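Letter by letter, the chains look like this.
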Amino acid sequence: MKELVEVIAKSLVENPDKVVVTQTENDKEIVVELKVAQPDMGKVIGKQGRIAKAIRSVVKAASAKESRKVVVDIVQE
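Residues numbered from 1 in each chain as written. Predicted model: local features only at pLDDT ≥ 70, side-chain atom pairs only at ≥ 80, totals over all residues. Heavy atoms only, no water.

Asks: It is not clear to me how helix H3 (residues 50–62) should be interpreted in this structure. Could you clarify?
Replies: Along an α-helix, a turn takes 3.6 residues, which lines up residues three or four apart on a common side. With 13 residues, H3 extends 18 Å between its outermost C-alpha atoms, agreeing within 8% with the 18 Å of an ideal straight helix rising 1.5 Å per residue. Taken together, the buried positions of H3 are Ala-52, Ile-55 and Val-59. The buried residues of H3 occupy one face: seen down the axis, they fall within an arc of 60 degrees. Facing away from the buried surface of H3 by more than 90 degrees, the exposed residues are Arg-50, Lys-53, Lys-60 and Ala-61. Contacts from the buried residues of H3 go to helix H1 (2–12), helix H2 (41–45) and strand S3 (69–75). (Helix = DSSP H or I, 4+ residues; strand = E, 2+ residues; numbered from the N terminus. Expected span 1.5 Å × (residues − 1). Buried < 20%, exposed > 50% of the residue type's maximum accessible area, 1.4 Å probe, protein only. Arc of directions from axis to C-beta. Contact = heavy atoms within 4.5 Å.)

Asks: Honestly, H1 in this entry has me stumped. Any pointers?
Replies: Those residues of H1 that sit buried are Val-5, Ile-8 and Ala-9. End-on view of H1: buried residues confined to an arc of 95 degrees, all on one side of the axis. Counted as exposed and oriented over 90 degrees from the buried face of H1: Glu-3, Val-7 and Ser-11. Looking at the buried side of H1, the elements it contacts are strand S1 (20–25), strand S2 (29–35), H3 and S3.

Asks: For this particular structure, what's the right way to read the packing of H1 against H3?
Replies: Helix packing geometry: the angle between the two helix axes and the distance between the axes. The geometry of H1 relative to H3 is characterised by a closest axis approach of 10 Å and an angle of 155 degrees between their N-to-C directions. Taken together, the axes of H1 and H3 lie roughly antiparallel to each other. Of the two possible hands of crossing, H1 and H3 adopt the one that is right-handed. Packed against H1, whose contacting residues are Leu-4, Val-5, Ile-8 and Leu-12, the element H3 presents Ile-51, Ile-55, Val-58, Val-59 and Ala-62 at the interface. In the contact of H1 with H3, the residues fall into nine nonpolar, no polar and no charged. (Axes fitted to C-alpha atoms, helices over the stretch in contact; angles between N-to-C directions. Parallel < 35°, antiparallel > 145°, perpendicular 65-115°, else oblique. Left-handed = near helix turned anticlockwise from the far one by under 90°. Nonpolar A, V, L, I, M, F, W, Y, C, P; charged D, E, K, R; others polar.)

Everything listed here is a matter of coordinates, which is why it stays silent on function.
Below, the structure is given as C-alpha cells:
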C-alpha cells in the first residue's frame, strides 16, 4: 500500500522529492501516513477533499484481499 500511495502522491505534487510515505501495521489495521510539502498540500487534498477521498478509495480497492483495514492519513510537516 505504501508504494501505491507514494506513486499517486508523486504524480500530483510539484515537489515529488518532498513526498514521504510511512506505513505502520498492527493486528487490525494498516496506517499509511502521507507527508508532502506545504505548498502541495492543496493538490493532494483537492477541493472539498475530493482527491484525498479518491486516494483512499483506490487504496481501499487495492487492499480488498487483505484481511485488515487500511487507513490513509494526510499529515502536515
